[in-house]
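Structural overview for review
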Amino acid sequence: MKSLTLSRADGQVPSHGCEGCKDETALSIDIAFAFQPIMDVVDKKPFAYEALVRGRQGEPASTVLSQVDGRNRYRFDQKCRQIAIATAAELQLETHLSINFMPNAVYRPEVCIRTTLEAAETHGFPLERIIFETVEGEEIADRAHMVEIFKAYKNYGFLTAIDDFGSGYSGLALLVDFQPDIVKLDMCLLRGIDRDSVRQRIVKGILAIAADLGIKVIAEGIETSGERDFFLAHGVRLMQGYFFAKPAFRALPPVSEWAFV
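Let me begin by describing the structure that accompanies this report. None of the values given here were measured: they were computed from a predicted structure. (Residues numbered from 1 in each chain as written. Predicted model: local features only at pLDDT ≥ 70, side-chain atom pairs only at ≥ 80, totals over all residues. Heavy atoms only, no water.)

1. As for the overall build of the protein
Selection criterion: We count a stretch as a helix when DSSP gives it H or I for four or more residues in a row; a strand needs E for two or more, and each element gets its number in order from the N terminus. Think of it in three bands: with a 1.4 Å probe and only protein chains considered, a residue is buried below 20% of the maximum accessible area for its type, exposed above 50%, and partly exposed in between. Residues count as neighbours in contact if any of their non-hydrogen atoms are within 4.5 Å of one another. Calculation of accessible area relied on Shrake-Rupley with a 1.4 Å probe; when residues are assessed, cover is drawn exclusively from the protein chains displayed.
Within the protein, the secondary structure is distributed over eight helices and nine strands. Put simply, the protein has 261 residues, and 49% of those count as buried. Across the protein, every contact between residues at least 6 apart in sequence was considered, and the portion connecting residues at least 24 apart equals 69%. Accessible surface, the protein: about 12400 Å² in total, of which carbon and sulfur atoms supply 50%.

2. Some remarks on helix α4 (residues 114-123)
All of the buried residues along α4 are T115, T116, L117, A119 and A120. At the exit of α4 stands G124, carrying a positive phi of roughly 65°.

3. Examining the nonpolar core
Using the following cut-off: Only buried residues count toward a nonpolar core, which is a set of Ala, Val, Leu, Ile, Met, Phe, Trp, Tyr and Cys residues joined through side-chain atoms within 4.5 Å.
Ranked by size, the top nonpolar core spans 66 residues in total, and within it F33, F76, L97, F158 and F231 carry the most contacts. Among the elements that make up this core, the one with the highest residue count is helix α2 (residues 73-90) (seven residues). Non-local contacts of F158, meaning those with residues more than four positions away in its chain, are made with I113, T116, L117, L127, I130, F132, Y153 and D181. One finds I38, I131, I182 and L238 within the second-largest nonpolar core, a separate group that totals eight residues.

4. What to know about the pattern of salt bridges
To be explicit about the condition: Should a side-chain nitrogen of Lys or Arg be within 4 Å of a carboxyl oxygen of Asp or Glu, the pair is scored as a salt bridge.
Using the criterion set out here, one finds 15 salt bridges in the structure. For D43, the salt bridge goes to R237, with nearest N and O atoms at 3.3 Å. Of this pair, D43 sits in the loop between β1 (32-40) and β2 (45-54) while R237 sits in the loop between α8 (225-233) and β8 (238-240); the two residues are 194 residues apart in sequence, bridging distant segments of the chain. Under the relative-accessibility criterion, D43 is labelled partly exposed at 43%. Ionic pairing is found between R108 and E110, a salt bridge with its closest N-O pair at 2.4 Å. Linked through salt bridges whose partners overlap, the residues forming this network are E50, E133, K184 and E220.

5. With respect to the pairing of strand β6 (residues 182-185)
Rules: Pairing between two strands requires that DSSP report at least two bridges joining them. Handedness rule for crossovers: strands pointing away from the viewer, path from the first strand over the helix to the second running clockwise, crossover right-handed.
Side chains I182 and K184 of β6 all project onto a buried face; the interleaved residues V183 and L185 project onto the opposite face, where all are buried too. Relative to β6, strand β5 (residues 159-165) runs parallel, the two sharing three bridges. By the bridge assignment for β6, F165 is matched with L185. Here four bridges tie β6 to strand β7 (residues 216-220), and the two strands are oriented parallel to one another. Across the sheet, residue L185 finds its bridge partner in β7, namely A219. Once you follow β6 into helix α7 (residues 197-213) and on to β7, the crossover reads as right-handed.

6. Examining the side chain of H145
On the secondary structure map, H145 appears in helix α5 (residues 143-155). Residue H145 is classed as buried on the basis of its relative accessible area of 17%. Apart from residues lying up to four places away in sequence, H145 is in contact with P103, V106, Y107 and P109.

7. Focus on the environment of L238
Within the fold, L238 resides in strand β8. Each C-alpha atom, one on L238 and one on I38, is 6.5 Å from the other, the two residues being 200 residues apart in sequence. In this structure L238 touches I38, M39, D40, F47, K216, V217, I218 and A219, once residues within four positions along its chain are discounted.

8. Considerations on the side chain of K184
Heads up, the rule is: What qualifies as a polar contact is a pair of N or O atoms within 3.5 Å, subject to a donor-acceptor requirement within protein and to the restriction that residues adjacent in sequence count only when both atoms come from side chains.
As for its position among the elements, K184 is in strand β6. Among the residues examined, K184 registers a relative accessible area of 0% and is labelled buried. Engagement of the side chain of K184 in a polar contact is seen with the side chain of E220, the distance being 3.4 Å. Among residues more than four places away in sequence, those in contact with K184 are I38, E50, E133, I162, D163, D164, F165, I218, E220 and Q240.

9. Comments concerning the packing of aromatic side chains
The condition is simple: For Phe, Tyr and Trp, where Trp contributes only its six-membered ring, two rings pair if their centres lie within 6.5 Å, and the inter-plane angle classes them as stacked under 30 degrees, edge-to-face over 60, or tilted in between. For a lysine, the NZ atom is tested; for an arginine, the CZ atom; a charge sits over a ring if that atom is within 6 Å of the ring centre and within 35 degrees of the ring normal.
Tallying each qualifying case throughout the model produces 11 aromatic pairs. Plain terms: the ring middles of F101 and F150 are 5.9 Å apart, the flat faces sit at 90° to each other, and that makes the pair edge-to-face. Taken as a pair, F101 in the loop between β3 (96-100) and α3 (109-112) and F150 in helix α5 lie far apart in primary sequence, 49 residues in all. For the ring pair F132 and F158, a centre distance of 5.1 Å and an interplane angle of 75° mean the geometry is edge-to-face. Separated by 26 residues along the polypeptide, F132 in strand β4 (residues 130-135) and F158 in the loop between α5 and β5 bring together distant segments of the chain. This pair shows no difference in class: F132 is buried, exactly as F158 is. Joined through ring pairs, the aromatic side chains of F101, F132, F150, Y153, Y156, F158 and F178 make up one cluster. Positioned over the ring face of F125 is R129, at 4.7 Å from the centre of the ring.

These values are about where atoms sit, not about what they do.
Dropping the structure here:
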């Protein structure tokens with residue numbers, strides 16, 4: 001892997017510019033990760049693994065996130081990135097790594113990205129294999145700021161994704177200002193789609209928009225062969241869900257033997 005530098009694609013080096021980014025207070029929340037594959041159903045192999053936050057002993061995400069507030073959100077977001085990359089490297093992950101980030105925790109993208117770049121360099125993890133995804137349903141304090149974050153991350157060579165697309169009202173509006181590399185369809189649109197003509201019509205419309213904009217689609221929350229087959233028949237090859245594998249704590253889970261039958 002080539003050596004990384006703390007600079008953007010335009011050669012500018014980040015500099016400190018906000019008090020939040022200078023806060024070095026130790027984070028008291030214990031963090032670990034579980035990993036779930038995002039499968040390429042055509043190639044029959046993982047395209048990426050999503051890093052899902054857990055407690056040190058495998059406690060659920062809700063237990064961890066309940067400890068996050070305005071006072072520690074920045075430090076939590078930064079620590080999550082570092083530990084996710086370090087764990088992925090320890091597991092010898094050779095696919096993309098998808099990391100959730102909190103837009104409201106990012107003050108200045110070019111400054112707040114420093115620890116991510118440092119972690120990638122320390123552990124030899126290529127930047128181009130990191131995906132930053134954010135949930136559509138999260139209340140965003142400033143949408144224009146989120147667009148700025150996405151654009152900055154793309155400039156560094158990261159892939160960008162909107163999670164839970166279709167769960168709220170902001171997704172399509174956001175696409176006007178920024179086109180991510182990936183959208184992950186909310187599982188409410190997927191459940192039983194092979195038997196639901198209304199869901200089929202809505203999803204087909206989203207797929208058409210994504211195709212026109214050159215955006216990849218991940219069908220998230222796949223639980224049945226019928227759901228898998230619907231999306232495969234409509235050109236979606238990236239899928240995630242219990243049908244393929246459940247998350248594994250600090251491990252890369254095996255894919256179900258029924259995933260491609």
